Amino acid sequence: MEEGRSVRRDEEQQHGMGSGRVAAIFREIETEADAATATAASSSGQRADADAGLQLQGPMWKRFLAHVGPGFLVSMAYLDPSNLQTDLQAGYSHRYELLWVLLFGFIFVLIIQSLAAKLGIITGRHLAELCTSEYPKYVKYCLWFLAELGVIAATIPGVLGTALAYNMLLHIPFWAGVLICGASTVLLLGLQGYGARKMEFTIAVAMLFMASCFFIELSHVNPPIKEQLEGLFIPRLKGRYAVSDAVALFSVLVVPHNLFLHSSLVLSRKIPSCSKGVKDASTFFLVENALALFLALLVNVAVVSLSGTICANNLSLDDNNRCSSLSLNSAAVLFKNVLGKSRSTVYGLALLASGQSCTVVTTYSGQYIMQGFSGMRKCIIFLIAPCLTVVPTLVVCSIGGASRVRQLINIAAIILSFVLPFALVPLLKFSSCRTMIGPHKNSTCITRISGILSVVIIGINTYFFCTSFVSWLVDSDLPRFANAIISTLVFPFMAAYIAAVIYLTFRKVSINVALPSRSVSCEIEVEEVQRQDDKDDCLAVNCGV
């Protein structure tokens, strides 16, 4: 009996020793895995810190050139054929008196575009993605529809301008020019397969070429510099329709698709993770955008001065009539009669660069909008988005024809002003929310200035839209029952539109965006992170986790 008990005790001891050895082996494996994970994390953090350090240690001009590109791509929207037509009309009607509207308008555009770039830099997500995360599903789909509608409306002037330019230069039929514009847009969008920088470089070259053409035209008319400077810095609203023309000149500058595009383009750069890197990137993008917008301002001033100087001279009766109803098409004939055939060719080349670049940029922004709202893969977006933007535009432009270019551009401008609040209001809400972008939220001064200007431009657009519709309804020759039906449909729609803008304005931002993972490269930031981790551990212990 005793021998059996001793045998069993020996077996139990051996089994316990074996299980202890197995447990020890598992503990050693777990310890080695934790050590390897910690080593990998520290090495990756060191590599990220080293990369950030290299990016911050380079020469200032090299670091600035690395951020050049998005501003020029975005600024092309302010040189599209719609802006050119508005500038030509303002120059004829008021000569140089409305140049100050362009100056203040571009200052406002610089503020808004810098907010869009800053939002992408800090959150690591563009405006469409943030709207998808923030708003309910039905609101998201409404914003998506309106954003796509704005992209199509912004593409229409580009296609019209390109088709007109082909007709002026090569005498190609208008419908054929529309098809060529669509095909060349799809081909140029293929440059994004080689990186965003190739696309930005192409548009920047087109922008510089367009600027050179209009500066050459301006050098042949020699406008009075003193009157130009007075019109640029002294606000005046004299003459008939000065207020409405100033509003039209200002409202075409702010376009909704640019807000989505700029917040997306900045994500193509490798931004250092520390606070200094974020601050430097924001500064570089601001300076680059200011330079691009300054060039766009000079081109717009040149176009206004060009038409203002030519139409102020003693012209023939036919040319005076063309000045009174100046459009993209009639401007070519006017320049040919006054300045010569070569100047008309230069104008046609500038219009071609403007229209084709505008079409490419708006279609490019449509890709980011669709990707942000739908979440589909990029390869699918590259195929679907251009078709969704270009095909409806080509249909509208082909049906409208060359004789309705001016009317189509005006309708596109009305649609853009209608869609603008649904991109501008979310941008202002997100960029001013501490839970969204943390300590990088806008200052009180910037928030107030951008808010006041946004309320002014949205209110003016809504007022002129309503009054224009009412005046058209009163002066129309439609039967009374038709007017009653139209009023029954339109006025509730406008009430819903105003209610939607109010909803976006006063709705609180609910999501707390997880900022992109960033390595920490300075001791102060390391201490802050460690203190935050200690606080989280204490909270976890108190909560019983």
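Numbers given for residues are sequential positions, taken from 1 along each chain in its written order. Thresholds applied to this predicted model are a pLDDT of at least 70 for local features of residues and 80 or more for the giving and counting of side-chain atom pairs; totals over whole chains, interfaces and linings are not thresholded and use all residues. To get the side-chain values, take all heavy atoms of the structure and skip hydrogens and water.

**Describing unusual backbone geometry**
Where we set the bar: In DSSP terms, a helix is any run of H or I states spanning at least four residues, a strand is any run of E spanning at least two, and both are numbered starting from the N terminus. Per-residue accessibility, obtained with a 1.4 Å probe over protein chains only, is compared with the maximum for each type, and a residue is labelled buried under 20%, exposed over 50%, and partly exposed between these values.
At Arg95, a residue that is not glycine, the phi angle is positive and equals roughly 55°. Of note, Arg95 is situated in the loop between α4 (81–94) and α5 (99–123). Residue Arg95 is classed as partly exposed on the basis of its relative accessible area of 31%. At His171, a residue that is not glycine, the phi angle is positive and equals roughly 60°. Position of His171 among the secondary structure elements: in the loop between α7 (137–170) and α8 (174–189). The class for His171 is exposed, based on a relative accessible area of 66%.

**Looking at the confidence of the model for the protein chain**
Applied cut-off: pLDDT expresses how confident the predictor is about each individual residue, on a scale running from 0 to 100. Here, two residues are considered to be in contact whenever any of their heavy atoms come within 4.5 Å of each other.
Per-residue pLDDT for the protein chain averages 79, and the proportion of residues at 70 or more is 83%. Ranking the helices and strands of the protein chain by mean pLDDT puts α7 first, with 92, and helix α23 (residues 523–542) last, with 40. Within the model, the stretch residues 11–26 combines pLDDT values under 50 with zero contacts to residues more than four positions away or in other chains.

**Details of the packing of α7 against helix α18 (residues 405–419)**
Put simply, the rule is: Lines fitted to the C-alpha atoms define the axes, with helices restricted to the stretch that makes contact. Angles between their N-to-C directions range from 0 to 180 degrees. For classification, angles of less than 35 degrees are called roughly parallel, those exceeding 145 degrees roughly antiparallel, those between 65 and 115 degrees roughly perpendicular, and all remaining angles oblique. With the far helix as reference, a near helix turned anticlockwise by less than a right angle produces a left-handed crossing, and one turned clockwise produces a right-handed crossing.
Interaxial distance between α7 and α18 falls to 9 Å at its minimum, and their mutual angle equals 155°. Judged by the inter-axis angle, α7 sits roughly antiparallel to α18. Note that α7 runs across α18; the crossing there is left-handed. Counted together, Leu146, Ala147, Leu149, Gly150, Ala153, Ala154, Ile156, Pro157, Leu160 and Leu164 of α7 and Val405, Leu408, Ile409, Ala412, Ile415, Leu416, Phe418 and Val419 of α18 form the full contact between these two elements.

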